[in-house]
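Secondary and tertiary structure notes
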Amino acid sequence: MRFRLTYLILALSLVIISCDSQNNKSQLIIFHAGSLSVPFKDITTEFNKQHPEIEIISEAAGSRQCARKITDLHRKCDIMASADYKVIDNLLIPEYASWNIKFAGNEMAVVFHDKSRLKDSINTENWYHILQKPEVIYGRSNPDFDPCGYRTVLTCKLAEDVYNIPGLSETLLQKDNNYIRPKEVDLIGLLETDVIDYLFLYKSVAIQHKLDYIVLPDSINLKNPKLDEFYATATVDISGKKPGETITRKGEAMIYGVTIPNNAPNTDNAIMFMEFLLSKNEGVKIMEANGQNSLVPSLSITYENIPGLLKKYALDK
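Read on for a plain summary of the structure. (Residues numbered from 1 in each chain as written. Predicted model: local features only at pLDDT ≥ 70, side-chain atom pairs only at ≥ 80, totals over all residues. Heavy atoms only, no water.)

Further remarks concern the pattern of salt bridges. Two side chains that carry opposite charge are able to pair once their charged atoms sit near each other. Per the stated rule, a full pass over the model turns up 14 salt bridges. In this structure, Arg68 and Asp72 form a salt bridge, with 3.7 Å as the shortest nitrogen-oxygen distance. A relative accessible area of 18% means that Arg68 is categorised as buried. Overall, the relative accessible area of 42% leaves Asp72 in the partly exposed class. Asp176 is the partner of Lys175 in a salt bridge, and the nearest nitrogen-oxygen pair spans 2.8 Å. The exposure classification of Lys175 matches that of Asp176, with both residues buried. Three or more residues are tied together by salt bridges with common partners; here these are Asp84, Lys86, Arg151, Arg249 and Glu252. (Salt bridge = Lys/Arg side-chain N within 4 Å of Asp/Glu carboxyl O. Buried < 20%, exposed > 50% of the residue type's maximum accessible area, 1.4 Å probe, protein only.)

The following block contains the structure:
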């Protein structure tokens, strides 16, 4: 009887200690673009090895959806990482965030897999012919929700100019609209289950998911900052901050942005994570291993507002 009582007291003590340990854990809430899902999973795993006391809660969505969780739903988060730095500039600054650090690049690609129709015929020169075939189905993400969606539109418009084929972008963009999804990673499941044959996707995501892809010319893949003047000849209208309002996006090289919102509940944890994310031998190394080139440090028009510990990861204008 005495042994049982001692055992019960010991077990209860362990439960209480365990609960206290869990209660002592602080949090870090991250909203990030769907295309960052794989690298951010790796980054948070490595970060937690150094900071096991921090519970990380990550939510992936289209970058504009991430921003609207903050602006429309008034949800709090500690870090917002966007596939387009201008989502932060246009939708969050100055009311919901004060600064923005550009940290990674990417490029558009046409992605497929081993069961895609006409996969043995498609190449860099004829991809737009293949996508127009009646028997071929392709998917893309919604321009109002996801930067990959409006970058797809811009890529098609640039292709029309580069290949000198009037009406090409309209033909492509009017096809297969039943296969538009909120964010680009939603389309991977449709591809892997043979519902669609191709999709417009970031090259990094194709690499991460071990999918085949067509490398598009720099003149249309939105990769090269030196071609920004030409990219800007293509535009697309997307939803603005308020219902019924629109924003015209000009083409430009892909640049990812990251910020800590003004009302972040765990600012200290957020700054520690940002230092890990933007450090050459830590987060940057993981990003590059997942197919995304680093842009750290880059110019920031909000440099003065960046926290002191993070200024070294940006350049003053």
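Read on for the rest.
The subject of this paragraph is the packing of helix α3 (residues 63-71) against helix α4 (residues 85-92). At a minimum axis distance of 10 Å, the contact between α3 and α4 shows a crossing angle of 30 degrees. One finds that α3 runs roughly parallel with respect to α4. The two elements α3 and α4 cross, and the hand of that crossing is right-handed. Touching Ser63, Arg64, Ala67, Arg68, Ile70 and Thr71 of α3 are Val87, Leu91 and Leu92, all from α4. (Axes fitted to C-alpha atoms, helices over the stretch in contact; angles between N-to-C directions. Helix = DSSP H or I, 4+ residues; strand = E, 2+ residues; numbered from the N terminus. Parallel < 35°, antiparallel > 145°, perpendicular 65-115°, else oblique. Left-handed = near helix turned anticlockwise from the far one by under 90°. Contact = heavy atoms within 4.5 Å.)

Our next topic: the state of the cysteines. Under the definition given, this model contains zero disulfides. Here Cys77 is not cross-linked by a disulfide; its sulfur's nearest cysteine counterpart is in Cys66, at 8.1 Å. With no disulfide of its own, Cys156 has Cys148 as its nearest cysteine by sulfur position, at a separation of 11 Å. (Disulfide = S-S within 2.5 Å.)

Peptide bonds are mostly trans, and most non-glycine residues show a negative phi. Residue Pro94 follows Ile93 across a cis peptide bond; omega there is 10 degrees. Looking at where Pro94 falls in the secondary structure, it is placed in the loop between α4 and β4 (101-105). Cis geometry is adopted by the peptide bond preceding Pro297, which originates at Val296 and carries an omega value of -5 degrees. Tracing the chain through its elements places Pro297 in the loop between α13 (283-289) and β13 (298-300). Its identity is not glycine, yet Leu118 carries a phi of approximately 60 degrees, on the positive side. Mapping Leu118 onto the fold places it in the loop between β5 (108-112) and α5 (127-132).

What you see with strand β6 (residues 138-141) is no split at all: Tyr138 and Arg140 on one side and Gly139 and Ser141 on the other are buried throughout. Alignment of β6 against strand β8 (residues 198-202), held across two bridges, turns out to be parallel. For Gly139, the partnering residue across the bridge sits in β8 and is Leu199. Strand direction decides the pairing type here: β6 and strand β7 (residues 180-181), joined by two bridges, are parallel. The partner of Arg140 across the bridge, within β7, is Ile180. (Pairing = 2+ DSSP bridges.)

The next thing to look at is the packing of aromatic side chains. If you walk through the whole model with that rule in mind, you get eleven aromatic pairs. The interplanar angle of 75 degrees and the centroid separation of 5.8 Å between the aromatic rings of Phe47 and Phe276 together place this pair among those described as edge-to-face. One end of the pair, Phe47, is in helix α2 (residues 37-50); the other, Phe276, is in helix α12 (residues 267-278), and 229 residues separate them in sequence. As far as burial versus exposure is concerned, Phe47 and Phe276 are alike and both buried. Both rings, one in Phe103 and one in Tyr256, keep their centres 6.3 Å apart while their planes meet at 85 degrees; by these two values the pair is edge-to-face. Within this pair, whereas Phe103 is found in strand β4, its partner Tyr256 is found in strand β12 (residues 255-259), the two being separated by 153 residues in sequence. (Phe/Tyr/Trp six-rings, centres within 6.5 Å; stacked < 30°, edge-to-face > 60°.)

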